Amino acid sequence: MPSPSTGTPWVVLKFGGTSVSQRHRWDTIGRLARKRADDGGGRALVVVSALSGVTNELTAIADGADDGAARVDALVARHRDFVQALDLDPDAVLGERLTALQALLADARAAARMLDWQAEVLAQGELLSSTLGAAYLRSQGLDVGWADARDWLDAIELPNQSEWGRRLSVSCRREADDAWRARFAAQPARLLITQGFIARHGDGGTAVLGRGGSDTSAALFGGLLRARGVEIWTDVPGMFTANPREVPDARLLARLDYAEAQEIATTGAKVLHPRSLGPCRVTGVPMAILDTERPDLPGTRIDGDASEVPGVKAISRRNGIVLVSMETVGMWQSVGFMADIFERFRRHGLSVDLIGSAETNVTVSLDPSENLVSTDVLAKLSEDLSQICRVKVIAPCAAITLVGRGMRSLLHKLSEVWATFGQERVHLISQSSNDLNLTFVIDEADADGLLPELHAQLIESGAMPVADATVFGPSWNEIQFGKPERAPAWWQGDDARERLLTLAQPGTPAYVYHLPTVRARAQALKAVAAVDRRFYAIKANAHPAILRTLEAEGFGLECVSQGEIEHVFDTLPGLAPARVLFTPSFAPHTEYDAAFARGVTVTLDNVEALRRWPETFRGRDLWLRVDLGRGDGHHAKVVTGGAASKFGLPLEAINAFAREVRALGGRITGIHAHLGSGIDHPKHWRGVYAELAAIADGVGTVDTIDLGGGLTIPYKPEDLPFDLEAWAQGLAEIKAAWPRYRLAIEPGRFLVAESGALLVRVTQVVDKLGTRRVGLDGGMNALMRPAMYDAWHGVHNLSRWGDGNEVACDVVGPICESSDVLGLKRKLPAATAPDDVMLVADAGAYGYVMANHYNLRGLPREDVLE
Ligand SMILES: *Cc1c(COP(=O)(O)O)cnc(C)c1O
């Protein structure tokens, strides 16, 4: 036997209620326990919960439910049935234990519901499940012993603990000596099974560990045994970056340190009870959370030597938070004021969670999972506090917490997150001084729908560094439904790659556009029946071949400057002006004159222009661009616009605008709103369109409603393609509800992004302080999106296509700016070297059009593939 200092051969596996309630799950338990013991050349201890639902029943019985006897009978029947289903004899396996359960009802202590009696009642579930499990595994030929956890776990008394806590929510001794370990190891079988949740009271009776008890038992055994590891087997794949039920894009957290895991468990994740981390943390025993149904998934590993990856690891939400805000004048400076306040909370049995303070105000939060915050208790507390300050109770609130090590260094990346909260009423912000969490308390109603948005922003901004695969695993969606099915990109075929390598010869950086891809996207949009008029926003990519391709597919062209208008008519001289829109922003008024002279449709979004240049707009038909930033409550935050946006006419100015147009003898014939990116919820479109239609109805002369662009494409491998079908469905509903308006769209990105590849050549490969950088001859000068929006583009080595992508590299450009980075920690072939041709994917939209001469570097070339 190895000495304890080098670790013992034990591995501890814990299985919860759902895992022990079905026969096939017990087969899994046996298989996993044996495999783990084999892997380590040692032994496995299996810790089990009661069959699912049993502890709830026992709690009712211990609480003195009227129908206790009936409940006991039902429990007896349930266990007998299950043993039968395991092809075992119920009397032989559980006879004695079931008799003991029944006898507890007749016990002299039952009437008074003595605490030691209650503990014994509660302990029966685990005693039964472990006994039947051991019998079943033995019947399957496994060498399994049964251990009574009470012989090994000793409850200890903590100061200030109530009698109730000392019996029904105990803590246990965390140290053991070698003699203890030797005695434990002397139990004969290679696999041992024991109970979670139960321990020995100091008086020799039974005690229980309270909530999260079984996880804690497993962790205690792991610590006492100096185990190689503690595995918590559950029915979820592990801890996630957010609750997957609310955020399906939440990522599995593959690796955490104890402190982060503790924080995540404390602030919301239900998969592991926060109490259970302590015993492993103090002894340095690694933990893992794994999925019994899918044992091959990586799960979440928790240990002390995870290398530090600074960033937000999770975002959580706790509901039912109560804020108590206390206003004082004059007393603030006085010694003992805080003590006086907190004494009053203590008096009412309330423990305070977050605290915010100012000169004349102290606000604290109460977490319902730690407190009994009934209206009665709050009323008494308020009354008590009102003797020393003015009290206001704000409830219900939600606490939204970002968790992760080193967040302070990332505050600058959280600007989007702050902006989102800026639209809500934030009552309290708290940042822990250990730099592990940041919490915002807002009204509970405002928190609905917020988490998916915040989660996306954390990823988008780089504050949650999901590219680091050591920490971030697959998303919940991907685990449930597999990787999104994605047709290979046009450039992935052998022929295409050969042609691209040839096209790179004359010089890089060079953009290449694949016209069949443009055509395919155009045709997909043409198939959306509800849309009457389609325009292409040429600011995304103004290459003449692309304009001709889309014009031939029936698309009109949407321009935002006089330069774009002239470019359009230079490229397509015969184009009917009716097929061109002009939607500028803060353009000089001469551009409007030029546009009207061309006969194109002009969109305007302010009254000032009408008043200042009446002759420009006199007698004209105009489209009106509105800003729906006001939105309706729960949609407001997803609508770009509002006071902070330079685009669009606010709703309150619409009447003034309409009056002005009428006075000039003109008409408003279109209503336009460009809604921003990635809105694929049909319900949302419907709501927005309803507002636009109401405006159009009010104006009276409108024939077209233009929903703008904003359709996304999947840039990252894990992104789902834009759900065109759901979008079409939403538009069909809209169209059916308001058939009198023609529906127009003007996407840019969707049509051209995937058609474009940026070819660049490797200039230098440099290893510096543990980071490998692959330098390219084009960076933010050729493709601005990563530097400007933290946008993600796939980067691939075309010259070494068959090689594995095994080395994580930062991909950088040649510009003298630290933001000149095209991608971080990208897996590339180890042999990547100067002169290799690299492809930056999905660069067809907002690529060349934003390229610049910075550092006096030349513009990229452009090529077209048919
Ligand atoms: C940029 C722009 C579009 C196109 O946006 P995408 O996100 O590329 O679809 C459409 N309409 C207007 C007014 C725009 O400014």
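Residues numbered from 1 in each chain as written. Predicted model: local features only at pLDDT ≥ 70, side-chain atom pairs only at ≥ 80, totals over all residues. Heavy atoms only, no water.

So, about a nonpolar patch on the surface. Taken together, the side chains of Leu411, Trp418, Val426 and Ile429 make up a nonpolar region of the molecular surface, amounting to roughly 300 Å² of accessible area. Within the fold, valine 426 resides in strand 18 (residues 426–431). (Patch = residues over 30% accessible without salt bridge, like charges linked within 9 Å, V, L, I, M, F, W, Y side chains within 5 Å. Areas by Shrake-Rupley, 256 points an atom, 1.4 Å probe, with all protein chains shown as cover. Salt bridge = Lys/Arg side-chain N within 4 Å of Asp/Glu carboxyl O. Helix = DSSP H or I, 4+ residues; strand = E, 2+ residues; numbered from the N terminus.)

Another aspect to go through is the UniProt feature "active site" (unreviewed entry) in the protein chain. The sites that carry the UniProt feature "active site" (unreviewed entry) are, in the present numbering, Cys816. Topologically, cysteine 816 is positioned in the loop between strand 34 (807–812) and strand 35 (821–828). Excluding residues that lie within four positions of it along the chain, cysteine 816 makes contacts with Tyr854 and Asn855. (UniProt positions renumbered as here; feature names shortened; annotations may be inferred. Contact = heavy atoms within 4.5 Å.)

Taken as a whole and assessed by the stated rule, the structure comprises one cavity of 30 Å³ or more. Taken as a whole, the largest cavity encloses approximately 30 Å³ of empty space. Every residue along the wall of the largest cavity is listed here: Ile61, Val72, Leu101, Leu104, Leu105, Trp117 and Val121. Within the residue set of the lining of the largest cavity, elements represented by two or more residues are helix 4 (90–106) and helix 5 (115–139). Element by element, the count of residues in the lining of the largest cavity is highest for helix 4, at three residues. Residues of the lining of the largest cavity, tallied by class, amount to seven nonpolar, no polar and no charged. (1 Å grid on protein atoms, 1.4 Å probe; cavity = no way out; pocket = protein on both sides within 12 Å on 5 of 7 lines; lining within 4 Å. Points joined across faces, edges and corners; volume = space filled by probe spheres on them. Nonpolar A, V, L, I, M, F, W, Y, C, P; charged D, E, K, R; others polar.)

Below, the discussion takes up the pairing of strand 23 (residues 556–559). Here strand 23 shows a buried face lined by Gly556 and Glu558 and a second buried face lined by Leu557 and Cys559. Bridge count for strand 22 (residues 533–537) against strand 23 is three bridges, and the pairing is parallel. Residue tyrosine 536 lies in a different strand from strand 23, and its bridge partner there is leucine 557. Here strand 23 pairs with strand 24 (residues 580–582) via three bridges, running parallel. Residue cysteine 559 lies in a different strand from strand 24, and its bridge partner there is phenylalanine 582. Where the polypeptide runs from strand 23 across helix 19 (residues 562–571) and back to strand 24, its parallel neighbour, the crossover connection is right-handed. (Buried < 20%, exposed > 50% of the residue type's maximum accessible area, 1.4 Å probe, protein only. Pairing = 2+ DSSP bridges. Right-handed = clockwise from strand over helix to strand, strands pointing away.)

Over its twelve residues, helix 14 (residues 450–461) extends 16 Å from the first C-alpha to the last, a length consistent with the 16 Å expected when each residue adds 1.5 Å. Of all twelve residues that make up helix 14, nine are buried, and the element is covered over most of its length. If you check which residues of helix 14 are buried, you get Leu450, Leu451, Glu453, Leu454, His455, Gln457, Leu458, Ile459 and Ser461. The positive-phi residue at the C-terminal boundary of helix 14 is glycine 462, with phi of around 85°. (Expected span 1.5 Å × (residues − 1).)

Below, the discussion takes up the sheet that holds strand 2 (residues 43–48). The sheet built from eight strands is open, its strands ordered 3-6-2-1-9-12-13-11 with mixed pairing. Of all strands in the sheet, those with a lone pairing partner are strand 3 (144–146) and strand 11 (255–257), marking the two edges. Within the sheet, the average angular offset between the axes of one strand and its neighbour, ignoring direction, is 20°. In the sheet, strand 2 pairs with strand 6 (residues 191–195) via five bridges, with the strands oriented parallel. Within strand 6, the position partnered with leucine 45 by the bridge is leucine 192. (Axes fitted to C-alpha atoms, helices over the stretch in contact; angles between N-to-C directions.)

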